Amino acid sequence: MHTVWKGSISFGLVNIPVRMFTATEERDIRFRQLHKECNTPIKYTKMCPHCQREVDTSEIIRGFEYEKGHFVMIDDDDLEAITPETRRAIEIIDFVDLSEIDPVYFHKSYFLSPQDTGEKAYALLRSAMEQTGKIGVAQVTMRNRQSLAVIRLYEHCIMLETIFYPDEVRPVSQVPALPEATVPLAENELKMATELISNMTIPFDPAKYTDEYRSDLQKLIEKKLEGQEIATAPTVARTNVIDLMQALKESLESTAGQAALPIKIEPEPTPSKPARKRTTAASSSDKEQASKKETAASLKKTTTTSTTKTLRKKKATPV
């Protein structure tokens, strides 16, 4: 693993020198943008629209746009002057219960390991946190940015999780179209919903869940490399669900006594199936109705076009 930060954990008078490693990684398959004519990767350059030329990194400075087209210039010395003294320390401020922090606050995870002289102090903090069941709330400065974080245990390792500050989490009141908490619910529907949750509840096993799209994409790329034909995946037939109650019933039947994948609850009208054989009279009647509909649609289209032309003429006529 690559060390991304070196410093120390400090709480009270205890100081533990540590190294930091990124705990997670994105495994998305990424594509390059190519020029269609020659398959050359597109190059992104930093251009100055005023000078009409490419700008070197040494010519670029920071600026905060306080008004459109007006900037306050900020250089490295300015940032150095306000960087906290604790830029090389993870300063634990408080200890709390993990259950008190909502997951919406968590941002990025890092593993912490002791440096050469910090093994005993590291083991001491780890054992103390394990016995008390507490996690530490801390502040740390990385890349000239002070972050709020928590120190917790992950298996036998001390982990740092950066978390958002309260003003960085948007209030729920800004979410549109949320149903009120007092929405009346049918007792039998609620009972069936809770029973469905109970049927689908199992111990969490992260190894059970895989990124199927990424796996299929990898297979597609491999087939392309081998020059094979790409087969289209068959469409899974959707189950027509009449209403919420029917959806709950079918879901409970499918999950009774076993864990199952969730079934989407969405009302969908049952399509009418055309008869295989029709009489001549019925066929003629259908043709008549279709002809009437086409005529009505044609008249409506003509009227709409005429109205649109009239409105355009009125708009073009000067007052």
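Structure report, in brief.

How each quantity is defined
Residues numbered from 1 in each chain as written. Predicted model: local features only at pLDDT ≥ 70, side-chain atom pairs only at ≥ 80, totals over all residues. Heavy atoms only, no water. Helix = DSSP H or I, 4+ residues; strand = E, 2+ residues; numbered from the N terminus. Buried < 20%, exposed > 50% of the residue type's maximum accessible area, 1.4 Å probe, protein only. Contact = heavy atoms within 4.5 Å. Areas by Shrake-Rupley, 256 points an atom, 1.4 Å probe, with all protein chains shown as cover. Pairing = 2+ DSSP bridges. Disulfide = S-S within 2.5 Å. Core = buried A, V, L, I, M, F, W, Y, C linked by side-chain atoms within 4.5 Å. Expected span 1.5 Å × (residues − 1). Polar contact = N/O pair within 3.5 Å; in protein donor to acceptor, adjacent residues only side chain to side chain. Axes fitted to C-alpha atoms, helices over the stretch in contact; angles between N-to-C directions.

1. Section: the overall build of the protein
Then, in step 1: The helix and strand inventory of the protein stands at six helices and 11 strands.
Then, in step 2: Buried positions account for 17% of the 319 residues belonging to the protein.
Then, in step 3: Of the contacts made within the protein by residues no fewer than 6 positions apart, 59% connect residues no fewer than 24 positions apart.
Then, in step 4: Counting only carbon and sulfur atoms, one obtains 55% of the accessible surface of the protein, whose full area is about 26,500 Å².

2. Some remarks on the pairing of strand S5 (residues 62–67)
Then, in step 1: Summarising the sheet, S5 and strand S6 (residues 70–74) pair through five bridges and their orientation is antiparallel. Bridging from a neighbouring strand, Glu67 pairs with His70 of S6.
Then, in step 2: Taking the residues that link successive antiparallel strands as the turn, the S5-S6 hairpin has two residues, and the phi of Gly69 there is positive, at about 85°.

3. Brief notes about the state of the cysteines
Then, in step 1: The full count for this structure, using the stated rule, is zero disulfides.
Then, in step 2: With no disulfide of its own, Cys48 has Cys51 as its nearest cysteine by sulfur position, at a separation of 3.7 Å.

4. Description of the nonpolar core
Then, in step 1: Grouped together as the largest cluster of nonpolar side chains are 23 residues, with contacts concentrated most on Ile9, Val18, Met20, Ile90, Leu112, Ile151 and Leu160.
Then, in step 2: Looking at this core, the elements that each hand over two or more residues are strand S1 (3–11), strand S2 (14–22), strand S7 (89–96), strand S8 (106–114), helix H2 (119–132), strand S9 (135–142), strand S10 (145–154) and strand S11 (157–163).
Then, in step 3: Look past the residues within four positions of Ile9 in its chain and what remains in contact with it is Val14, Asn15, Ile16, Val18, Ile90, Ile92, Leu112, Leu125 and Ile158.
Then, in step 4: Listed in part, the six residues of the second largest apolar core include Ile101, Leu148, Val150 and Ile163.

5. With respect to helix H4 (residues 212–226)
Then, in step 1: Counted at 1.5 Å a residue, the expected span for H4 with its 15 residues is 21 Å, and the 21 Å between its end C-alpha atoms agrees.
Then, in step 2: At the N-terminal end of H4, a side-chain oxygen is found 3.3 Å from the backbone nitrogen of Tyr213, two or three residues along, and the residue is Asp211.
Then, in step 3: Phi turns positive, to about 75°, at Gly227, one or two residues after H4.

6. Some thoughts on the sheet that holds S7
Then, in step 1: Pairing within the closed barrel is mixed, and its seven strands lie in the order S1-S2-S8-S11-S10-S9-S7. The mean angle between the axes of side-by-side strands here comes to 40°, regardless of whether they run parallel or antiparallel.
Then, in step 2: Sheet analysis places S1 next to S2, joined by eight bridges and oriented antiparallel. Pairing of Ser8 across the sheet is with Pro17, part of S2.
Then, in step 3: Sheet strands in contact with H2 are S1, S2, S7, S8, S9, S10 and S11, and its direction is about 75° off that of S10.

7. Overview of the environment of Ser99
Then, in step 1: The topology assignment puts Ser99 in the loop between S7 and S8.
Then, in step 2: Distance from Ser99 to Ile135, taken between C-alpha atoms, is 9.8 Å for residues 36 residues apart in sequence.

8. As for the side chain of Ser8
Then, in step 1: Examined against the element boundaries, Ser8 turns out to sit in strand S1.
Then, in step 2: Within the local environment of Ser8, its side chain forms a polar contact with the side chain of Asn15, the two groups lying 3.1 Å apart.
Then, in step 3: If we skip the residues at most four places from it in the chain, Ser8 touches Asn15, Ile16, Pro17, Val18, Arg88, Ala89 and Ile90.

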